[in-house]
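# Report on the structure
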Amino acid sequence: MHITVPTTAGPVRGRRKGEVTAFAGIPYAAPPFGPRRLRPPEAPEPWSEVRDAFSPGPPAPQPGYHPAMAGLLADAGEPGEDCLTVNVWTPEPGRTGGRLPVMVWVHGGAFRNGAGSLPTYDGTRLAADGVVCVTLNYRLGAEGFLLLPDGTANLGLLDQIAALEWVRDNIAGFGGDPDNVTVFGQSAGAISITALMTMPRARGLFRRAITQSGAGHHSHPESVARRVTERLAALAGVEPTREGLAAVPPERLVAADSALGQEIARAEDPGLWGESAGGGTTVLPVVDGATLPERPIDALAGGAGRDIDLLTGTTTEEFRLFLVPLGIAPRITDGVLDGFLAGFGLDPAEARAAYLAAHPGASPGDLLSAAMTDHAYRVPALRVAEARAALGARTYVYEFAWRSPVLGGALGACHLADVGFVFGNLSDPLLGADAPRDLSPRMREAWISFARTGRPDTPGGVLPPWPAYGERRSVMRLGDDAPVVQEDPAADTRRLWETLRRPLSGK
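Since the model is a prediction, treat every value here as computed from it, not as a measurement.

Basis of the calculations
Residues numbered from 1 in each chain as written. Predicted model: local features only at pLDDT ≥ 70, side-chain atom pairs only at ≥ 80, totals over all residues. Heavy atoms only, no water. Helix = DSSP H or I, 4+ residues; strand = E, 2+ residues; numbered from the N terminus. Rg over C-alpha atoms; globule rule 2.2 N^0.38 Å. Contact = heavy atoms within 4.5 Å. Areas by Shrake-Rupley, 256 points an atom, 1.4 Å probe, with all protein chains shown as cover. Lys, Arg positive; Asp, Glu negative; His and termini not counted. Charge placed at Lys NZ, Arg CZ, Asp CG, Glu CD. 1 Å grid on protein atoms, 1.4 Å probe; cavity = no way out; pocket = protein on both sides within 12 Å on 5 of 7 lines; lining within 4 Å. Points joined across faces, edges and corners; volume = space filled by probe spheres on them. Nonpolar A, V, L, I, M, F, W, Y, C, P; charged D, E, K, R; others polar. Phe/Tyr/Trp six-rings, centres within 6.5 Å; stacked < 30°, edge-to-face > 60°. Buried < 20%, exposed > 50% of the residue type's maximum accessible area, 1.4 Å probe, protein only. Pairing = 2+ DSSP bridges. Axes fitted to C-alpha atoms, helices over the stretch in contact; angles between N-to-C directions. Parallel < 35°, antiparallel > 145°, perpendicular 65-115°, else oblique. Left-handed = near helix turned anticlockwise from the far one by under 90°. Salt bridge = Lys/Arg side-chain N within 4 Å of Asp/Glu carboxyl O. Core = buried A, V, L, I, M, F, W, Y, C linked by side-chain atoms within 4.5 Å.

### With respect to the overall build of the protein chain
Regarding its fold elements, the protein chain presents 16 helices and 15 strands. Relative to its length of 507 residues, the protein chain is compact, with a C-alpha radius of gyration of 22 Å against a globular reference of 23 Å. Each principal axis of the C-alpha atoms in the protein chain carries an extent, and together these give about 70 × 60 × 45 Å. The contacts of the protein chain with a sequence gap of at least 6 include a subset with a gap of at least 24, amounting to 74%. A total of about 19,000 Å² of accessible surface is found on the protein chain, and carbon and sulfur atoms cover 52% of it. Side-chain charges in the protein chain split into 47 positive and 57 negative, and the spacing between the mean points of these groups amounts to 3 Å.

Below is the structure:
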């Protein structure tokens, strides 16, 4: 059965299956190539005939994953120019009046990979539970996050804002409430959302936010962003200008970005690359003073986004996804571990003792994973929660603790292990063959309740009462047993970071 819905650019036809209608590949902006290359998004060309929205648009140009990761992380498919599209799942297509909460997903992928059309992000189950679910693509890598000499920056974030403006202008026709939009995302998507919470151009486009494994520290100041642009352009063999970069095929910029990541990973002075030290990322949101006025954690501590409800959290063993498949963990020695701990600003002996006490019998690689998880994910998320709690901004914090059985259980409760449960899609390769069936309904209920009301717990629901984060440091632990609220979990290792990863305001 096919159903047609009007949009500001023209009518689109979706396909109904069961109780949910899906619309795929709807342009929210014009293809960002040709004369639009490396420029802010522009409105799509309108159409008058009904447009079939049966297939997702192509992903943005990207390199794909290292072979060791390819079996764990889904490939986005063949990239293409018409990549700025959204996908919509709704139980009430064509019903105007905007009654249903809207959940807009921003995908992760280290700002270099991913797409809103990956199978794990299929919004059918969420829509069947009573929301309008939207996923989107945005520009990645050099196309989306370079700082150009004319001041252009954060094109990928401007794409996300354009998609949210499309939601504002069109979602009522799909049964959604444009005044009750929750943006949710993971990793680079969560980092993006934290930035959006502080960006003037995004103000008023969403009411709530859910950030999974990404917070407000990962951005580049202008000095680092300029260095990234200049070095990436040199690796591509062009001048670091819009004209120079736009003159080469996207594949050459993708290859240059990958080469830059390798250079950063080998850098003798990692401080040159800021939050990208180590090479896990190259480009990041740029604090350019215009589109992104401040580093997001600093802006949040100063009161930005305090009117937006926030649900944030991390997985227990985030960094195992990056150390285990690549075979890095067994190669970590005590000396290497101590070097990393010192580089974080920790006392190596004190930190190693604290992490070993929390993880008895752990190898140096396991301890490094725990410290890297705290540095990159847990502590930044807690800094956001602390800053907002000090301002009275409502924030809920979770920890996802279910351990994946994949690779003999060595991945643990790693980065990305939570996403399939949120969407109700348990065929994700990270989850293995026997993912617990009761965990997904719990998480969907919490995420949807939050989108509907601003609270993740529902009276009489499957979760116990979930206090907002405050002086008691309440965290809902999900995944490895019955959900339970813990107060200041892993406090001893958290205290190691007491003076580190702080917002500039010190709050």
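### A few points about the layout of surface pockets
Summary: where empty space remains is shown by rolling a probe the size of a single water molecule over the atoms. Of the pockets and cavities examined, the second largest pocket occupies roughly 670 Å³. As for the second largest pocket, its lining consists of 36 residues, of which T316, H359, D374, E399 and A490 are closest to the centre. Secondary structure elements with two or more residues in the lining of the second largest pocket: β12 (309-315), α12 (348-358), α13 (364-390), β13 (395-400), β14 (474-478) and α16 (491-496). Counting residues per element, the lining of the second largest pocket draws most heavily on α13, at eight residues. Split into classes, the residues belonging to the lining of the second largest pocket amount to 16 nonpolar, eight polar and 12 charged.

### Considering the packing of aromatic side chains
Taken as a whole and assessed by the stated rule, the structure comprises 16 aromatic pairs. Judged by centre distance (5.0 Å) and plane angle (70 degrees), the ring pair of F111 and F145 falls under edge-to-face. Within this pair, whereas F111 is found in the loop between β6 (100-106) and α2 (124-128), its partner F145 is found in helix α3 (residues 141-145), the two being separated by 34 residues in sequence. Each of the two residues, F111 as well as F145, counts as buried. With a centroid separation of 6.4 Å and an interplanar angle of 80 degrees, the aromatic rings of Y396 and F450 are classed as edge-to-face. Of the two residues, Y396 sits in strand β13 while F450 sits in helix α15 (residues 439-453), which places them 54 residues apart along the sequence. Taking the relative accessible area as the measure of exposure, Y396 reaches 1% and is therefore buried. Through a chain of ring-to-ring contacts, three or more aromatic side chains come together here, namely W105, Y121, F184 and F423.

### Notes on empty space enclosed by the protein
This structure, assessed with the given rule, holds two cavities of 30 Å³ or more. Of the voids in this model, the largest cavity is the one considered here, and its volume is about 60 Å³. Along its surface, the largest cavity is lined by P61, Q62, P63, R112, L140, G141, A142, E143, P250, L253, V254 and D257. The set of elements that each furnish at least two residues to the lining of the largest cavity consists of α3 and α8 (250-266). With four residues, the top contributor of residues to the lining of the largest cavity is α8.

### Quick look at the pairing of strand β1 (residues 2-5)
Only one face of β1 is buried, namely the one carrying I3 and V5, since none of H2 and T4 on the opposite face is buried. Counted along the chain from β1 to the antiparallel partner strand β2 (residues 12-17), the turn is six residues long, and its residue G10 has a positive phi close to 150 degrees.

### Focus: the packing of helix α11 (residues 334-343) against α13
Remark: α11 packs on α13, axes separated minimally by 9 Å, with the N-to-C direction vectors making an angle of 15 degrees. The orientation of α11 relative to α13 falls into the category roughly parallel. The two elements α11 and α13 meet at a crossing, and its hand is left-handed. Contacts from D334, L337, F340 and L341 in α11 reach P364, L367, L368, A371 and M372 in α13. Its residues assigned to classes, the contact of α11 with α13 comprises eight nonpolar, no polar and one charged.

### Things to note about the pattern of salt bridges
Oppositely charged side chains are able to pair whenever their charged atoms sit close together. For the coordinates displayed, the defined rule picks out 32 salt bridges. One salt bridge connects R472 with E487, and the closest N-O pair in it is separated by 2.8 Å. With R472 in the loop between α15 and β14 and E487 in strand β15 (residues 484-487), this residue pair connects regions lying 15 residues apart in the sequence. In this structure R472 comes out as exposed when scored by relative accessible area, which is 55%. When its relative accessible area of 46% is taken as the criterion, E487 is described as partly exposed.

### So, the nonpolar core
One finds I26, Y28, V88, W166, I171, F174 and F206 to be the most contacted residues of the largest nonpolar core, which totals 77 residues. Tallying contributions element by element places helix α4 (residues 155-170) first for this core, with nine residues. Discounting chain neighbours no more than four positions away, the residues touching V88 are T21, A22, F23, I26, V132, C133, V134, W166, I171 and F174. Grouped together as the second largest cluster of nonpolar side chains are 48 residues, I210, L321, A417 and M443 included.

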